[in-house]
Every structure is written in C-alpha cells, then in structure tokens.
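# Descriptive analysis of the structure
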Amino acid sequence: MASPYHTTLETEINLASRSPSLIPKPDDWGSHISVTGFSFLPQASQFVPDAGLEAFLAAGPTPIYVGFGSIVVDDPSRLLQLVLDAVRQSGQRAIISRGWGGLSADVAPEGVLFVDNVPHDWLFARVSCVIHHGGAGTTAAGIRLGKPTVVIPFFGDQFFWGSTIARAGAGPRPIPFRELKVENLTAAIDCALSTTIQRFAKEYGRRIEGEQGADTCASTFHYKLDVDALRCSLD
C-alpha cells in the first residue's frame, strides 16, 4: 500500500549548466530543458595571496598559466621538463600549478613560479592565457575571464571542451596528451597569444559574464517548479 505522505511530483526539470553562447541549445532539445549558463562559486574575494605570488606577478610581464588539476601522469618529471622547455622557447613567464601530479622542481627556473591551490577566478584574471587538461570547470573559469585557452586533453569530455574552445576561436586546436611535444606546445602558446584569438576569447568572456549563469539557473528552477505538484496526498 502506498504511503499517504508521498508526493505527486510529475514535472521534470532539466537544467544544463553550460554557456549557451559557447554551446547553443540543440534544436532537438525540448522546452523542458533550459541551458542556463555556467554557474560559478566566487572565491577571489576571500583569497589572500602570499607575498611570493604577489612579487612574481609584479616582477615582469603578465605570465601564462599551466596546470593539470587532478591529472596524474606516469612520468611527471618528463612532463614538467617539456612544459618548461616550451615556456622558455615561447619567451613567456609562467605560473605552474603543482596539482595532484606534483609538477614542481626544487629550484624554479627564472621566470617560473610554482603554486599550490590558488582560486581560478583570482589567478586567471592575472595571466595572459591558460593551458590545462580541459576539465569542464577549469575551461569555464578561463573562458569566462576572456582568457585564450590551450587544452591538452587526457580522456573523457576533455576532448569535447578542447574542440569547443578551438571551434569558438578562443584557442588553438587541442593537443592530446599522447601527442604533446615541446614544438607543438610552443606553437600553441604563440597561437593563443595572437591578436585574433585574444579578441575571440575576450568576446566570449564578455558574453558569458552577461549570462549570469548561477542566477539564471536558480530563477529557472523556481519558475519551472510546479509547487502544487509537491503537495503530499493528505494536503
């Protein structure tokens, strides 16, 4: 026998928290699906950088960012050396996130700073381009701030996000990790910092900021919520 306290909610609410500017809603998605824009949890206002990070940012030209988040590779020393060589050949300064893979050296080369956990919304606002694995959150954080993006996908949806960024003109074609070399990473950095890609990235950042994804997601949820259907059978 069914409980008299069960609800009779029949309305299905589907919210896609992704940018409609970057990925338009497919034509075959019905009206019950809303694409609301990326939802961000702001952390920059609560973050206090250490003196070393502030000094590095003030000591020279705007650096690039390199980080692979939770990705762990078999040979982190080889990956780090590849990244350092590409940074040097591109003539850029760089902030490299150690991440779970432990990309770090006992002594940082000139023009390179290793960091641990720094909020993306704080750090990405202070770099010239971002290079990462193409996770959904990291990709959204970079493009929202109008940063040219180089994606090095390892698996899963990272390939999708890399292709999406390239198709939007906000970054070069993604470089699958297995194909990563000093030469193609250097070329990707140069490409990302070109005037054309910087212009596209800034335009998408402007659009995404205007979407107000978190607010749109919350308001859409409440608008589509059938309150009467939430009443229990005794009410």
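As a reminder, the structure under discussion sits directly above these lines.
Since we're looking at a predicted model, the values are computed, not measured. (Residues numbered from 1 in each chain as written. Predicted model: local features only at pLDDT ≥ 70, side-chain atom pairs only at ≥ 80, totals over all residues. Heavy atoms only, no water.)

## Digging into the layout of surface pockets
- In this structure, the largest pocket occupies an estimated 460 Å³ of space.
- Contributing to the lining of the largest pocket are 30 residues, with Asn-117, Val-118, Pro-119, His-120 and Thr-138 lying nearest its centre.
- For the lining of the largest pocket, the leading source of residues is helix α4 (residues 136-144), giving six residues.
- Grouping the constituent residues of the lining of the largest pocket by class yields 14 nonpolar, 13 polar and three charged.
- When its volume is computed, the second largest pocket comes out at roughly 260 Å³.
- Val-73, Asp-74, Asp-75, Arg-78, Leu-79, Pro-153, Phe-154, Phe-155, Phe-159, Pro-176, Phe-177 and Arg-178 are the residues that line the second largest pocket.
- Class assignment of the residues belonging to the lining of the second largest pocket gives a composition of eight nonpolar, no polar and four charged. (1 Å grid on protein atoms, 1.4 Å probe; cavity = no way out; pocket = protein on both sides within 12 Å on 5 of 7 lines; lining within 4 Å. Points joined across faces, edges and corners; volume = space filled by probe spheres on them. Helix = DSSP H or I, 4+ residues; strand = E, 2+ residues; numbered from the N terminus. Nonpolar A, V, L, I, M, F, W, Y, C, P; charged D, E, K, R; others polar.)

## Some points on the environment of Gly-162
- Inspection of the secondary structure puts Gly-162 in helix α5 (residues 158-168).
- Leaving out residues up to four positions away in the same chain, Gly-162 has contacts with Val-151 and Pro-174. (Contact = heavy atoms within 4.5 Å.)

## Quick look at the packing of helix α2 (residues 76-90) against helix α6 (residues 182-192)
- As a packed pair, α2 and α6 sit with axes 9 Å apart at the nearest point and diverge in direction by 45 degrees. Viewed along their axes, α2 and α6 adopt a mutual orientation that is oblique. Both α2 and α6 take part in a crossing whose hand is right-handed. In this structure, α2 contributes Leu-82, Val-83, Asp-85, Ala-86, Gln-89 and Ser-90 to the contact, and α6 contributes Val-182, Leu-185, Thr-186, Ile-189 and Asp-190.
- A per-class count over the contact of α2 with α6 returns six nonpolar, three polar and two charged. (Axes fitted to C-alpha atoms, helices over the stretch in contact; angles between N-to-C directions. Parallel < 35°, antiparallel > 145°, perpendicular 65-115°, else oblique. Left-handed = near helix turned anticlockwise from the far one by under 90°.)

## Overview of empty space enclosed by the protein
- Evaluated as defined, the whole model comprises one cavity of 30 Å³ or more.
- The computed volume of the largest cavity comes to approximately 60 Å³.
- Looking at the largest cavity, the residues that line it are Phe-68, Gly-69, Ile-71, Val-73, Leu-79, Ser-97, Arg-98, Gly-99, Trp-100, Gly-101 and Leu-103.
- Looking at the lining of the largest cavity residue by residue, the class counts come to six nonpolar, four polar and one charged.

## A closer look at the nonpolar core
- Membership of the largest hydrophobic core comes to 29 residues, with the highest contact counts inside it found for Ile-64, Phe-68, Val-83, Ile-96, Ile-131 and Leu-185.
- Secondary-structure elements contributing two or more residues to this core are β3 (64-66), α2, β4 (94-97), β5 (112-115) and α6.
- Examining the composition of this core, we find that seven residues originate from one element, α2, more than from any other.
- Setting aside its immediate chain neighbours within four residues, Leu-185 contacts Leu-82, Val-83, Ala-86, Ile-131, Ile-152, Ile-175 and Leu-180.
- Listed in part, the 14 residues of the second largest apolar core include Leu-57, Tyr-65, Ile-95 and Leu-123. (Core = buried A, V, L, I, M, F, W, Y, C linked by side-chain atoms within 4.5 Å. Buried < 20%, exposed > 50% of the residue type's maximum accessible area, 1.4 Å probe, protein only.)

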